[in-house]
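Structure at a glance
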Amino acid sequence: MKQLNIYEEASRCLLCQDAPCSKACKTGDPARAIRAIRFDNRKPALRWVKDCSDADLEAAEKACIHYGMPIRIKDMLHAVPNDEVDASNYPSLDIDFCGIHCENPFFLASSAVCTNYEMVARAFDAGWGGVFYKTICLQEIKEVSPRFDALHYNGTHGDFYGFRNMEQLSENPVDMDFDILRRLKQNYPNKVVIASIMGQTEEQWVELAKMAEAAHVDAVELNFSCPQMRLAGMGSDVGQNPELVLFYTAYVKRNVSIPVIPKMTPNITQISQPAMAAYFGNADAISAINTIKSVTMSSDGEVSGRKTISGLSGRAVKPIALRHIMEIAQNPIMSGLRKAGNKRVELSGIGGIETWRDALEFIQLGCNNVQVCTAVMQYGYRTIDDLILGLQRYMAKRGVAHLAELVGEELPNFVTPTDLDRSTIIYPKIDREVCIGCGRCHVSCMDGGHQAIEFDAATRQPRIVGTKCVGCHLCRLVCPTGAITATKRIPKKNS
C-alpha cells in the first residue's frame with residue numbers, strides 16, 4: 001500500500017456527531033484524534049488513542065459511515081509521530097483586551113453563531129473566551145431564504161473554502177437581546193460579553209450603547225461594516241466614510257464609560273482611513289474585518305430567482321483580512337510610534353480563522369484577540385478544543401510564557417516591495433525518495449514558469465535545469481507530495 005498522507009486522510013473525515021468510530025472503540029476516541037489532525041494538531045492527536053490496540057482501531061474503522069471508502073483510521077494514526085512537547089508545561093492563554101481580562105483570545109464573531117442565550121452559554125461551556133453578540137439595531141429585520149451560499153471544490157459537499165451570506169442583524173426584539181446579554185454576564189462573570197450595535201442616527205447609536213452599558217456588558221462594538229444592509233446610511237455605508245466613523249465613534253465614546261470598538265469594513269481601498277478616524281474618535285480598539293462584498297452565480301443562493309451582492313467569509317478571505325490588520329497595525333499613529341506616550345490602538349482580528357495557526361497569524365500581526373464565525377458554522381463550537389490546544393503547544397514549544405509576547409512580533413518583518421532583497425536566490429531541489437514521478441512540476445514550469453524542469457518520460461524523473469531556474473518556487477508549490485524543497489539562499493551570479 002502506498003504511503004499515507006495523514007492530512008489528506010483526515011480531511012476526508014466527516015467529523016460526525018456522536019461518531020460511530022469512537023463508539024466502536026473500547027479504549028480511546030479516534031474521532032477526537034482525527035479531529036486534532038484535521039485542525040493542525042497532528043502530534044498531540046495520539047493522546048486520544050494511546051491505549052488503543054490494532055483491533056480497537058480496526059473496529060473503529062469498520063464502524064466508519066463515510067459515504068465512500070472508510071477512513072483508514074489505523075494506518076493514519078500509526079503514521080503520526082510521537083509528540084516531543086511536554087503537555088504538563090502548557091502555558092495559560094490569558095490576555096488583556098481594552099483593560100478586560102480574557103481567559104483566552106478566542107471569541108465568537110457577531111453573527112449567526114451567537115444569536116440567543118442558549119447558543120452563547122454552550123459556547124462558553126465549551127471553552128470560548130468571549131462573544132461579540134450578534135448586532136442589535138432598532139430597525140425591524142426580515143431575513144431572506146435561503147440566505148447562505150458556499151464555494152466548494154468541484155462537486156464536493158460539506159467542506160467549503162468560501163462562504164457567502166445575506167444575513168443582516170439580530171431579529172430578536174431589542175429588549176430581549178439586552179436581557180440575554182445581561183444574563184450572560186451575570187451567569188458567566190469570567191467570560192467577556194461584548195454587545196455589537198448598529199444605529200442609523202447619532203441618537204440611535206447612543207441609545208443602543210447606553211442600553212448595552214446598562215446590561216453590564218464589558219464593551220460595545222460599533223458595526224460600521226455589514227455589507228448587505230437594505231437601508232441606506234447603515235453598515236458599510238458608514239464604514240466607507242471616515243467622517244461618519246469619527247463622528248459616531250466620538251459621540252458614543254462621550255456617552256458611555258465602557259470600551260468602544262468600531263468594526264471596520266474591508267470594502268474600501270485604504271482601511272487605515274476609517275481606522276484612523278476611529279482612533280481620533282477615541283476608540284479603545286478596532287475590529288477588522290467584516291465580510292467582503294461578493295457575487296456567486298449558483299442557483300443555490302437565489303431568493304425567488306433573484307441574486308444580489310453580499311458578504312464573503314471563510315478560508316478564502318484570510319490573506320485579505322491579514323493585509324488589512326497589518327496596515328492598521330503598522331500605521332505610525334495608531335501603533336503609538338509617531339509620538340512618545342501615544343496610545344496603541346488594540347486590534348481584534350476576524351477573517352478566515354479556522355485553526356490555531358490562523359489565529360496565531362492575526363496575533364503576530366498585532367491582534368490581542370480573534371473572532372471566529374464561519375469555522376463554527378461548519379464544524380461547531382468544538383473547534384475551540386484545537387484552537388486552545390494548538391496555541392498552547394506552540395507557546396510551550398517556543399518557551400513563550402505569556403500570549404502578549406506574541407502580539408505584533410511579525411510586524412517588523414513586513415516591508416515595502418522596494419526593500420526586498422533582490423540580489424540573492426534560493427534554488428529548489430528534488431527529494432528522489434519522496435518524488436512519485438507525476439510530472440506536475442514539469443507541466444507548471446513549462447506552461448507557467450521558466451521552462452527550467454525537464455521530464456524523462458521513460459524513468460518518470462524530473463530534473464531541474466539550474467541555468468534556467470530563477471528560483472520562483474512554483475514547482476515546490478504545485479508538488480502534491482512535498483518532494484520539492486528549498487536549498488540555502490546564495491548570491492545571484494550576475495548581481
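Residues numbered from 1 in each chain as written. Predicted model: local features only at pLDDT ≥ 70, side-chain atom pairs only at ≥ 80, totals over all residues. Heavy atoms only, no water.

Some thoughts on the overall build of the chain
Convention followed: Counting from the N terminus, the helices are the DSSP runs of H or I reaching at least four residues and the strands are the DSSP runs of E reaching at least two. For the radius of gyration, the atoms used are the C-alpha atoms, and the globule rule reads 2.2 Å times the number of residues raised to 0.38. Contacts were defined at the residue level, with two residues in contact if any of their heavy atoms lie within 4.5 Å. Note on areas: these come from Shrake-Rupley sampling with a 1.4 Å probe, and a residue is covered only by the protein chains present in the view. Asp and Glu count as negative and Lys and Arg as positive, but His and the ends of the chain are not part of the count. By convention, the point assigned to a charge is CZ for Arg, NZ for Lys, CD for Glu and CG for Asp.
A count of helices and strands for the chain gives 17 helices and 18 strands. Since a compact globule built from 495 residues should have a radius of gyration of about 23 Å, the 25 Å found for the chain is in line with a globular shape. Intrachain contacts of the chain at a sequence separation of at least 6 include 71% that bridge at least 24 residues. Counting every atom, the chain has about 23200 Å² of accessible surface; 51% of that belongs to carbon and sulfur. Charged side chains in the chain number 55 positive and 56 negative. The centres of these two groups are separated by 5 Å.

A word on the packing of aromatic side chains
Using the following cut-off: Pairing of aromatic rings covers Phe, Tyr and Trp, the last counted by its six-membered ring, and requires centre-to-centre distances within 6.5 Å; plane angles under 30 degrees mean stacked, over 60 mean edge-to-face, and any other angle means tilted. In this scheme, a residue with accessible area under 20% of its type's maximum is buried, one over 50% is exposed, and one in between is partly exposed, where area comes from a 1.4 Å probe on protein chains only. Over a ring means this: the NZ of a Lys or the CZ of an Arg is within 6 Å of the ring centre and within 35 degrees of the ring normal.
Applying the stated criterion across every chain yields a total of eleven aromatic pairs. Aromatic side chains Phe 247 and Tyr 248 sit 5.6 Å apart centroid to centroid with 55° between the ring planes, which places their arrangement in the tilted category. Residue classification places Tyr 248 among the buried positions, given a relative accessible area of 7%. The structure contains a cluster of three or more aromatic residues connected by ring pairs, namely Trp 205, Phe 224, Phe 247, Tyr 248 and Tyr 251. Across from the ring centre of Phe 39, 4.9 Å away, lies the NZ or CZ of Arg 38, which sits over that ring. Across from the ring centre of Tyr 117, 4.6 Å away, lies the NZ or CZ of Arg 183, which sits over that ring.

A word on the pattern of salt bridges
Formally: Each reported salt bridge corresponds to a side-chain nitrogen of Lys or Arg within 4 Å of a carboxyl oxygen of Asp or Glu.
Following the criterion strictly, the structure yields 29 salt bridges and no others. For Lys 50, the salt bridge identified is with Asp 51, shortest N-O distance 3.3 Å. Using a relative accessible area of 63% as the deciding quantity, one classes Lys 50 as exposed. Put simply, Asp 358 and Lys 318 hold a salt bridge, and the shortest N to O gap is 2.7 Å.

A look at helix α4 (residues 54-62)
Note the threshold: Directions from the helix axis toward the C-beta atoms define the arc.
Asp 56, Leu 57 and Ala 60 are the residues of α4 that are buried. For α4, the angular spread of the buried residues around the axis is 95°, confining them to a single face. Among the exposed residues of α4, those oriented more than 90 degrees off its buried face are Ala 55 and Lys 62. Contacts made by the buried residues of α4 are with α2 (20-24), α3 (30-38) and α5 (73-78).

Regarding the sheet that holds strand β5 (residues 148-151)
Quick note on the threshold: If DSSP finds at least two bridges between two strands, the strands pair. Axis definition: a line fitted to C-alpha atoms, over the contacting stretch in the case of helices. Angles run 0 to 180 degrees between N-to-C directions.
Spatial ordering of the open sheet is given by β5-β6-β12-β11, a layout of four strands whose pairing is antiparallel. Because the sheet does not close on itself, it has two edges, and the strands there are β5 and β11 (292-294). Each neighbouring strand pair of the sheet contributes to a mean axis angle of 35°, computed without reference to strand direction. Summarising the sheet, β5 and strand β6 (residues 162-165) pair through four bridges and their orientation is antiparallel.

Digging into unusual backbone geometry
Omega for the bond connecting Ser 145 with Pro 146 falls within 30 degrees of zero, at -5°, which places this linkage in the cis form. Relative to the elements of secondary structure, Pro 146 occurs in the loop between β4 (130-132) and β5. A cis amide bond, omega 5°, links Ala 288 with the succeeding residue Ile 289. Relative to the elements of secondary structure, Ile 289 occurs in the loop between β10 (285-288) and β11.

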